[in-house]
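Summary of the model geometry
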Amino acid sequence: MKEIQYLLSYAWKKSKLLFLTTSLKYIFSGVIPLIGVVGLGVVVDSIENQQAGDAVIKSIVFLAVNLCVSLLRSLLVFFDNVVMRKASDKTQLDYMKDCVNIDYHYVEDKSVLELKKKSMGANPVWFLDDFFVLLLYVVQFAGITYLFVELSPWFILIVAATSSISIVLNFKSKKNGYDFSMEQSEDSRKLEYLYRTMTDYHYAKDIRINGANNLIGNKYKDTLTTFFMKAKTNEHKKLTINTISIFVTIAQTVLMYGYFSWQVFLKEITLADYTVLLGATSLLTSILMGFFGSIATIKTTIKYTSLFQEYKTMISKNSAISKENGRSVNVDWKNPEITFSHVYFSYPNSDVAVLRDINFSIKSSEHIGLVGLNGSGKTTIIKLLLRLYDPTSGVIQINGIDIKRIPHKDYISHIGIILQDFYVFAFSVKENISFDRKYNEDQCVFALKKAGVYDRVTELQHGVNTSMYKYCDEDGVELSGGENQKLCIARAIYKSPDLMVMDEPSSTLDPIAEYQLFNDLSQVSNQKATLFISHRLSSTISCDRIIVLSNGEIVEMGNHSELVKKNGLYSELYQIQASYYKKEDENEA
């Protein structure tokens, strides 16, 4: 009962109107078959008594009532479908919000994805249909029982006994369906991913260039083979159950016609009674099957509900960062000083420390560069600063305040972010830059110019209103990788942030564009605390300080001149890059 209360409460929150439309829909749905059974019997009774005029009048009344009720039901079904669609969309939106709100490392966590997939079977909104159908069958059963008590009370027991076999089979079928759903959830998730990969425009180039279509296609076929083996077993079970159900239904029909024909032959019931009882028996069988079928469906839904509640609990427990709405903390963002103090970090479900005893600070208006080989921990530091993760131990502070104390939405609004793995959305240029912030044309133009992409945007057919890609707009365009990166840089500049964080901001740019970009970024981030990663050490020369990482530890710190003189790791990396560029220049000469 707790699960049913939970589902009804959840559906009530999504749409109160849905309760009204669904209940009325099934009230009218329940009345229509009863009108058919009783109305036909009344007309046949008039015909049997040779009352032609009375039979015509009753037929007209019967048809008129049936028509009115059917039309009202159709209208209610229409409204119910609209309301239910809206409520279902709200549930779908909840799943989308969950993906955004859950802590970053759970987004691709297999257990979370698996639980999410399974939990969708609960769908509280659609449960209302099952619940009200059950109530419908109760009302119909009461009406049919009254007819049998009046005309043939013993036969109701015979119908119930023969229907019990079908009912047991129905329960078995629902259980098999649930078990199959649990078994194939992982295969379905894999198939969805492989299909998305094969059909998504973003993967199209790599698939064609690398000839990956056979690899992906074979993986799809292998997964599909496994899926079909499980489906085949499930279908065999369904076939067996359906075959038995058919024989039970035939036996029940033969028994019904034989019994009532015998009753007419003995003149214990009239022809009108015979007509009513045949219709009532068919309806009763349908009601019993539907009633216990609904119970079986609800029983299965309750199992899904446990998974749905488990999923919601997991989301709630692991969305701490994004859902922080504590009291606003007074931070002097115009003069921020960021401090990493004895920070250690291991990724979830891992005992390996990727950062060990990290200690450094970024003073207001100071430009800091992070340097190191791949896997040294540079991007992880950025992730911790952006609160995609929290430190395993140690603390990160701004002006002496633990960043965990600052509401996340407020905290992130002060940071301009340029990530290495940037993404341009299938929205307009201006929406890609402003997102949910109020759009300011002058600010957008300034950001585009400083990012070096203003001229390219003005060349587009609709300027800043031009859509990226053709997913949502047939006039959408695709920019080059460097131009897309510049759009993301403009996105960070548009925020007018108090802290700039840049992870390989020039990774897709040519040397000339990179030089111009750093000049513009230097002007934009002047007098602002800035932290950036770059593998091109020529871009770190102008940094106030450079932090050198190796195997998750800070091994060197200082400005460019100081680090070159130390002849340590930074000097080695710098000399290697310098000699490479020198050799390249000699070859060109």
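The preceding data block contains the structure.
What comes next is a walk through the structure. Predicted, not measured: the structure shown is a model, and the values here were computed from it.

**Some remarks on the packing of aromatic side chains**
Applying the stated criterion to the full structure yields 20 aromatic pairs. Ring plane angle 70° and centroid distance 5.4 Å describe the contact between Phe78 and Phe79, whose orientation is recorded as edge-to-face. Residue Phe79 is classed as partly exposed on the basis of its relative accessible area of 44%. Taken together, the ring pairs in this structure connect Tyr6, Tyr10, Tyr95, Phe308 and Tyr311 into an aromatic cluster. Here the guanidinium or amino end of Lys449 rests over the ring plane of Tyr454, the centre of that ring lying 5.1 Å away.

**Some remarks on the pattern of salt bridges**
With the rule as written, the count across this model stands at 15 salt bridges. Note that Lys25 and Asp80 form a salt bridge whose closest N and O atoms lie 2.8 Å from each other. Placement of Lys25 in helix 2 (residues 16-48) and of Asp80 in helix 3 (residues 52-101) is noted, with a sequence separation of 55 residues between them. Judged by its relative accessible area of 0%, Asp80 falls in the buried class. Between Arg356 and Glu553 there is a salt bridge whose closest N-O contact spans 3.4 Å. With Arg356 in strand 2 (residues 353-362) and Glu553 in strand 10 (residues 553-558), the pair connects residues that are 197 residues apart, well separated along the chain. Note on Glu553: relative accessible area 35%, which makes it partly exposed.

**Looking at the pairing of strand 1 (residues 338-346)**
Two elements, strand 1 and strand 2, share 6 bridges in a ladder whose sense is antiparallel. From the neighbouring strand, Ser346 faces strand 2, where its bridge partner is Ala353. Hairpin connection, strand 1 to strand 2: the antiparallel pair is bridged by 6 residues, and Asn349 has positive phi, about 65°. Two elements, strand 1 and strand 4 (residues 393-398), share 5 bridges in a ladder whose sense is antiparallel. Bridge assignment links Thr339 to a residue of strand 4, and that residue is Gln397.

**Here we look at the side chain of Thr466**
Along the polypeptide, Thr466 turns up in the loop between helix 14 (454-459) and helix 15 (481-494). Classification of Thr466 by relative accessible area gives buried; the value is 1%. A distance of 3.0 Å separates a polar atom in the side chain of Thr466 from the backbone nitrogen of His462. Of the polar contacts made by the side chain of Thr466, one reaches the backbone oxygen of Gly463; its length is 2.9 Å.

**Things to note about the side chain of Lys486**
With respect to the helices and strands, Lys486 occurs in helix 15. Of note is the side chain of Lys486, whose polar atom sits 3.4 Å from the backbone oxygen of Gly452.

**With respect to the packing of helix 4 (residues 110-119) against helix 9 (residues 271-317)**
Packing of helix 4 against helix 9 leaves a shortest axis separation of 8 Å and a crossing angle of 140°. Considering their axes alone, helix 4 and helix 9 lie oblique with respect to each other. In this structure, the crossing between helix 4 and helix 9 has a hand that is left-handed. Each of Val112, Leu115, Lys116, Lys118 and Ser119 in helix 4 lies in contact with helix 9, whose residues at this interface are Tyr304, Leu307, Phe308, Glu310, Tyr311 and Met314. Looking at side-chain class alone, the contact of helix 4 with helix 9 contains 7 nonpolar, 1 polar and 3 charged residues.

Calculation criteria
Residue positions are counted from 1 within each chain, in the order its sequence is given. Confidence filtering applies because this is a predicted model: local features only for residues at pLDDT of at least 70, side-chain atom pairs given and counted only at 80 or more, and all residues used for totals across whole chains, interfaces and linings. The basis for every side-chain value is the complete set of non-hydrogen atoms in the structure, without hydrogens or water. Any Phe, Tyr or Trp ring, taking Trp's six-membered ring, that has another such ring centre within 6.5 Å forms a pair; planes under 30 degrees apart are called stacked, those over 60 apart edge-to-face, and the others tilted. Relative accessibility under 20% of the residue-type maximum defines a buried residue, over 50% an exposed one, and the middle range a partly exposed one, all with a 1.4 Å probe and only protein chains included. By the criterion adopted, a ring carries a charge over it if an Arg CZ or a Lys NZ lies within 6 Å of its centre and within 35 degrees of its normal. Any carboxyl oxygen of Asp or Glu that lies within 4 Å of a side-chain nitrogen of Lys or Arg is treated as forming a salt bridge with it. Numbering of helices and strands runs from the N terminus, with a helix taken as a DSSP run of H or I at least four residues long and a strand as a DSSP run of E at least two residues long. Strand pairing is defined by DSSP finding a minimum of two bridges between the two strands. Identification of polar contacts relies on pairs of N or O atoms within 3.5 Å, with a donor-acceptor requirement for protein atoms, meaning one able to donate a hydrogen and the other able to accept it, and with residues adjacent in sequence counted only if both atoms are side-chain atoms. Axis geometry follows a simple rule: fit a line to the C-alpha atoms, using only the stretch in contact for helices, then measure angles between N-to-C directions, giving values from 0 to 180 degrees. When describing relative orientation, an angle under 35 degrees is termed roughly parallel and one over 145 degrees roughly antiparallel, while 65 to 115 degrees is termed roughly perpendicular and anything else oblique. Take the far helix as the reference: if the near one is turned anticlockwise from it by less than a right angle, the crossing is left-handed, and if turned clockwise, right-handed. By the convention used here, residues are in contact when the closest approach between their heavy atoms is within 4.5 Å. Here the term charged refers only to Asp, Glu, Lys and Arg, the term nonpolar to Ala, Val, Leu, Ile, Met, Phe, Trp, Tyr, Cys and Pro, and the term polar to all other amino acids, Gly among them.

Keep in mind these values describe shape, not function.
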